[in-house]
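# Structure assessment
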There are 2 protein chains.
Amino acid sequence: MATIPYKIYLTEEEMPRAWYNLRADMKNKPAPLLNPGTHQPMKAEELAPVFCEELIRQELDNDTPYFEIPEEVFNFYKMYRPSPLVRAYCLEEALKTPAKIYYKFEGNNTSGSHKLNSAIAQAYYAKKQGLKGVTTETGAGQWGTALSMACAYLGLDCKVFMVKVSYEQKPFRREVMRTYGASVTPSPSMTTEVGRKILAAHPGTTGSLGCAISEAVEAAVTSDGYRYVLGSVLNQVLLHQSVIGLETEAALKKYDIHPDIIIGCAGGGSNLGGLISPFMRDKIKGIADYRIVAVEPASCPSFTRGKYAYDFCDTGMVCPLAKMYTLGSGFIPAPNHAGGLRYHGMSSILSQLYDDGLLEAVAVPQTSVFEAAERFARVEGILPAPESSHAIKVAIDEAEKCRETGEAKTIVFGLTGTGYFDMVAYEKYHDGKMDDYIPTDEELEASFSQLPRI
Amino acid sequence: MATIPYKIYLTEEEMPRAWYNLRADMKNKPAPLLNPGTHQPMKAEELAPVFCEELIRQELDNDTPYFEIPEEVFNFYKMYRPSPLVRAYCLEEALKTPAKIYYKFEGNNTSGSHKLNSAIAQAYYAKKQGLKGVTTETGAGQWGTALSMACAYLGLDCKVFMVKVSYEQKPFRREVMRTYGASVTPSPSMTTEVGRKILAAHPGTTGSLGCAISEAVEAAVTSDGYRYVLGSVLNQVLLHQSVIGLETEAALKKYDIHPDIIIGCAGGGSNLGGLISPFMRDKIKGIADYRIVAVEPASCPSFTRGKYAYDFCDTGMVCPLAKMYTLGSGFIPAPNHAGGLRYHGMSSILSQLYDDGLLEAVAVPQTSVFEAAERFARVEGILPAPESSHAIKVAIDEAEKCRETGEAKTIVFGLTGTGYFDMVAYEKYHDGKMDDYIPTDEELEASFSQLPRI
């Protein structure tokens with residue numbers, strides 16, 4: 001068999017031409033979105049004022065296994081995809097582990113992460129529908145940057161509401177979005193009714209994804225020719241992100257590599273859901289028995305300490321209700337929480353898989369995440385995003401277990417992006433100013449008490 | 001013939017295994033470094049207190065055409081190389097030009113530029129010599145980051161003197177270097193004798209590469225087990241950077257592409273010298289007749305307005321004298337100059353080629369560079385470094401000429417890196433706070449009057 005190169009690249013011909021819809025193969029389908037007034041499943045026409053038509057079709061379709069990637073989207077993909085599947089030879093050596101470690105690296109594009117995979121798809125459908133522009137929220141800024149890039153490419157207007165704490169910690173992110181022609185507003189803001197309401201109730205709040213979503217939705221429904229787009233959580237986003245998993249699967253097959261463990265970080269679930277999709281399909285079908293592990297921050301532990309229940313997707317309660325593992329829509333991670341992955345809930349698809357026991361989850365404290373990040377950077381070169389470093393942390397843990405047991409397991413993890421705009425967080429870590437605050441049971445109980453009664 | 005993909009990647013097997021030494025094929029060899037006291041060519045033993053032994057050998061060798069890339073360096077290369085040769089399909093379409101545009105993209109690594117190619121080589125030879133560490137200067141911060149990464153990988157100590165204006169404009173660069181374990185001192189500093197002297201003579205100076213070099217050299221020769229390494233200008237650096245040109249040549253041959261024009265930005269000359277090396281070889285040998293174009297900032301115009309003369313490489317005059325196109329070692333670009341490419345002189349190799357008429361040069365004003373950068377980013381995705389954008393500017397100019405004439409020329413340019421740490425400069429541009437100040441003839445004459453009399 002051929003030696004496995006440091007980086008496995010597919011050719012353009014080997015790139016996937018269709019997204020894979022894992023819902024088609026799930027035995028228990030994810031719970032539908034509910035109308036917050038009637039508690040009945042949302043119909044396409046109810047979603048139409050908020051979302052693009054084709055994206056609604058994708059959102060509601062639990063049956064079609066493959067959706068063809070439109071030619072225009074595929075051409076955009078070719079500018080930065082396929083992304084490499086990297087063999088972490090140097091990390092393996094540093095860890096003195098018999099384990100074989102691979103990572104799918106999605107950071108080699110200006111948005112710095114996998115978010116571009118769905119941004120271009122969503123912008124494309126908005127353009128095709130004849131819209132003027134789109135609105136969105138962004139947390140750490142990766143999604144906002146990705147959407148700005150996609151909109152610049154297609155000539156669409158792009159309005160971004162950025163969680164205030166990130167806006168202040170990452171001034172350069174704003175400038176990148178501006179380079180791509182987007183407008184960026186720190187959230188909560190006085191530009192929307194819901195923003196003004198949140199500011200009145202919580203003056204001085206540093207914001208949350210939940211707030212920013214409410215503002216972006218309001219901005220879309222009150223502007224002519226605009227729709228709202230979202231970078232994670234939704235079924236359609238996981239559909240687009242399946243390109244990560246499909247490429248990973250093809251790269252592994254090319255060299256006849258059989259993974260034992262697949263690891264991804266989980267905030268809203270877009271990367272994890274995309275990465276694992278073909279592997280979860282095989283697991284559901286009984287073809288393979290992978291361990292599939294979601295890693296979340298201990299400061300925002302939706303899977304490991306959340307409740308599986310219908311909840312609001314946003315703080316302003318303007319969105320449909322989704323059934324998910326959630327900390328409650330009022331939950332906001334402690335201000336010292338440095339990375340992304342700060343959403344209160346988790347993708348309905350992943351929530352169902354977790355509830356079905358097909359997915360494991362582990363929560364890790366943030367200083368251990370930065371420790372793993374730095375260790376990784378020094379031997380593998382790439383300076384990882386804090387989000388991605390959650391997966392690195394658990395991949396290292398698993399590889400170290402292999403060192404103890406002598407097992408040569410094959411570990412695959414998702415390296416979703418780079419940390420070039422996260423240096424304030426790295427500085428905190430270097431200066432010993434980072435702590436591992438986690439929410440108390442009392443705090444979570446208080447948050448759970450706000451869950452809607454369905 | 002096969003369709004040309006968006007990105008041409010070589011396989012690991014196709015990667016060059018030796019660096020190419022253009023000097024071996026130059027009819028007029030570059031002028032030797034001179035001892036500043038005796039004005040005699042520097043001998044290896046005179047350079048030994050400052051530089052690593054093997055690097056001195058490479059520096060002084062004008063005859064050996066190929067130097068094998070050591071296995072350890074090649075393994076490091078495999079972590080981020082080969083770099084893609086990208087067909088700029090989207091830029092071509094936006095420009096409505098019949099020209100075919102390719103760029104060799106060196107930014108897909110954490111240092112964000114081509115600098116890593118020489119950093120790992122220099123760090124490797126330092127390690128092999130049994131040294132404890134290395135010292136260096138950095139301007140925009142790309143070289144310092146690259147060297148930090150290489151040193152972290154090999155377990156060497158790394159002391160970086162960073163030009164003060166960049167240190168202040170790019171605080172996050174410092175944090176990246178710190179992540180890789182380097183120490184970073186803003187230059188001029190009070191930690192060296194030469195730094196204290198420069199600060200006494202020019203209080204409030206924002207620094208220059210020339211100052212930082214003097215400090216780094218002093219720090220090396222006064223510390224046990226340390227040597228000084230440099231990221232550009234020197235022959236050895238151009239040798240290592242030949243990997244860019246060799247990969248580009250191989251990628252073009254793979255698809256039977258024949259370039260007409262090769263364009264690179266030029267500061268000290270490391271990227272340009274590396275990119276053009278095999279093409280210049282063919283030009284010297286009369287095998288091909290490429291136009292080869294150096295692009296420099298109008299605010300620091302070594303080629304287009306400099307003198308070809310022996311000069312000091314550093315402000316403190318502690319280094320050997322080099323014959324080069326120079327603005328005088330006391331020259332410091334106006335504070336409003338945003339990008340890198342701020343060195344007062346130019347590689348001796350490139351200076352000789354320019355003097356021989358084998359190389360063209362053009363100087364471009366900085367606002368036009370940022371305009372080109374933004375235009376490029378919006379269609380090609382990648383947010384380019386200001387340095388690299390000098391080459392983009394001229395590539396676009398040439399492609400637009402083709403639109404006028406109808407010629408389908410093939411243009412290849414070097415996209416040396418990404419601008420993620422240059423957002424302060426982009427912000428200035430967006431806010432209309434950038435000007436195109438260029439040095440007056442009087443300023444240059446005053447600077448030339450300080451040239452040593454050889």
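Residues numbered from 1 in each chain as written. Chains lettered and ligands numbered in written order. Predicted model: local features only at pLDDT ≥ 70, side-chain atom pairs only at ≥ 80, totals over all residues. Heavy atoms only, no water.

With that out of the way, let us pick up the sheet that holds strand β8 (residues 183–187) of chain A. Residues and elements named next belong to chain A. Read from one edge to the other, the open sheet built from four strands follows the order β8-β7-β6-β9, with strand pairing classed as parallel. Two strands lie at the open edges of the sheet, namely β8 and β9 (226–228), each paired on one side alone. Looking at each pair of strands side by side, their axes are set apart by 25 degrees on average, direction ignored. Taken together, the three bridges between strand β6 (residues 133–138) and β9 define a ladder with parallel strand orientation. (Pairing = 2+ DSSP bridges. Helix = DSSP H or I, 4+ residues; strand = E, 2+ residues; numbered from the N terminus. Axes fitted to C-alpha atoms, helices over the stretch in contact; angles between N-to-C directions.)

This part is about the relation of the copies chain B and chain A. Two copies of a chain can be linked by a rotation about an axis combined with a shift along that same axis. Superposition of chain B onto chain A requires a rotation of 180 degrees combined with a translation of 0.0 Å along the rotation axis, giving an RMSD of 0.0 Å. In symmetry terms, the pair is related by a two-fold rotation axis. Taking the C-alpha atom as reference, chain B places Asn 108 of chain B closest to the rotation axis, 3.0 Å from it. When the interface residues of chain B are mapped onto chain A, 100% of them are again interface residues, pointing to one common binding face. (Least-squares fit on C-alpha atoms with pLDDT ≥ 70 in both. Contact = heavy atoms within 4.5 Å.)

Right, let's get into the sheet that holds strand β10 (residues 261–265) of chain A. Residues and elements named next belong to chain A. As summarised here, the arrangement of the seven strands in space is β1-β4-β5-β15-β10-β11-β14, forming an open sheet in which the pairing is mixed. Each end of this open sheet is capped by a strand with a single partner; those strands are β1 (7–8) and β14 (360–364). Relative to strand β15 (residues 410–415), β10 runs parallel, the two sharing three bridges. If you follow Ile 261 over to β15, its bridge partner there is Ile 411.

All names here are of chain A. Along the chain, Tyr 103 falls in strand β5 (residues 100–105). Along the backbone, Tyr 103 and Ile 438 are 335 residues apart, and their C-alpha atoms lie at a distance of 28 Å. Leaving out residues up to four positions away in the same chain, Tyr 103 has contacts with Pro 84, Leu 85, Val 86, Ala 88, Phe 376, Glu 380, Ile 382, Phe 413 and Leu 415. Separated by 2.8 Å, the side chains of Tyr 103 and Glu 380 make a polar contact. (Polar contact = N/O pair within 3.5 Å; in protein donor to acceptor, adjacent residues only side chain to side chain.)

Time to look at the interface of chain B and chain A. Each partner contributes to the interface: chain B provides 42 residues, whereas chain A provides 42 residues. Carbon and sulfur atoms supply 60% of the area buried between chain B and chain A, which totals about 4,000 Å² over both sides. We note a salt bridge from Arg 174 of chain B to Glu 427 of chain A, for which the minimum N-O separation is 2.9 Å. At the junction of chain B and chain A, the tally comes to 23 residue pairs in polar contact (both at pLDDT 80 or more). For the side of chain B that touches chain A, the secondary structure elements donating two or more residues are α3 (71–80), α6 (142–154), α8 (171–179), α15 (366–380) and α17 (423–430) of chain B. Looking at the side of chain B that touches chain A, the element that brings in the most residues is α8 of chain B, giving six residues. When its residues are assigned to classes, the side of chain B that touches chain A shows 22 nonpolar, eight polar and twelve charged. (Buried area = accessible area lost by both parts, 1.4 Å probe. Salt bridge = Lys/Arg side-chain N within 4 Å of Asp/Glu carboxyl O. Nonpolar A, V, L, I, M, F, W, Y, C, P; charged D, E, K, R; others polar.)

All names here are of chain B. Inspection of the secondary structure puts Lys 283 in helix α12 (residues 270–284). Here Lys 283 sits buried without a salt bridge, and the closest side chain of opposite charge, Asp 289, lies 4.5 Å off (N-O distance). One polar contact links the side chain of Lys 283 to the main-chain carbonyl oxygen of Leu 358, over a distance of 3.2 Å. Non-local contacts of Lys 283, meaning those with residues more than four positions away in its chain, are made with Ala 288, Asp 289, Tyr 290, Arg 291, Ile 292 and Leu 358. (Buried < 20%, exposed > 50% of the residue type's maximum accessible area, 1.4 Å probe, protein only. Lys, Arg positive; Asp, Glu negative; His and termini not counted.)

A few words on the domain arrangement of chain A. How large an interface is tends to be reported as the accessible area lost when its parts come together. Residue and element names in this part refer to chain A. Per the domain assignment, the segments making up chain A are domain 1 (7–14 + 81–112 + 236–448) and domain 2 (116–230). The straight-line distance from the C-alpha centre of domain 1 to that of domain 2 is 24 Å. Taken as a group, Ser 111, Arg 342 and Phe 421 account for 26% of the area that domain 1 buries against domain 2, more than any other trio of residues on that side. Applying the counting criterion to the domain 1 and domain 2 interface returns one salt bridge. Linking Asp 422 and Lys 170 is a salt bridge whose minimum nitrogen-to-oxygen distance equals 2.4 Å. Viewed at the interface, domain 2 and domain 1 are joined by ten residue pairs in polar contact (both at pLDDT 80 or more). Among the elements of the structure, α11 (235–254) and α17 (423–430) are those that each provide at least two residues to the side of domain 1 that touches domain 2. Take the side of domain 1 that touches domain 2: its biggest share by element is six residues, from α11. Residues of the side of domain 1 that touches domain 2, tallied by class, amount to 13 nonpolar, eleven polar and seven charged. (Domains from an automatic or database assignment.)

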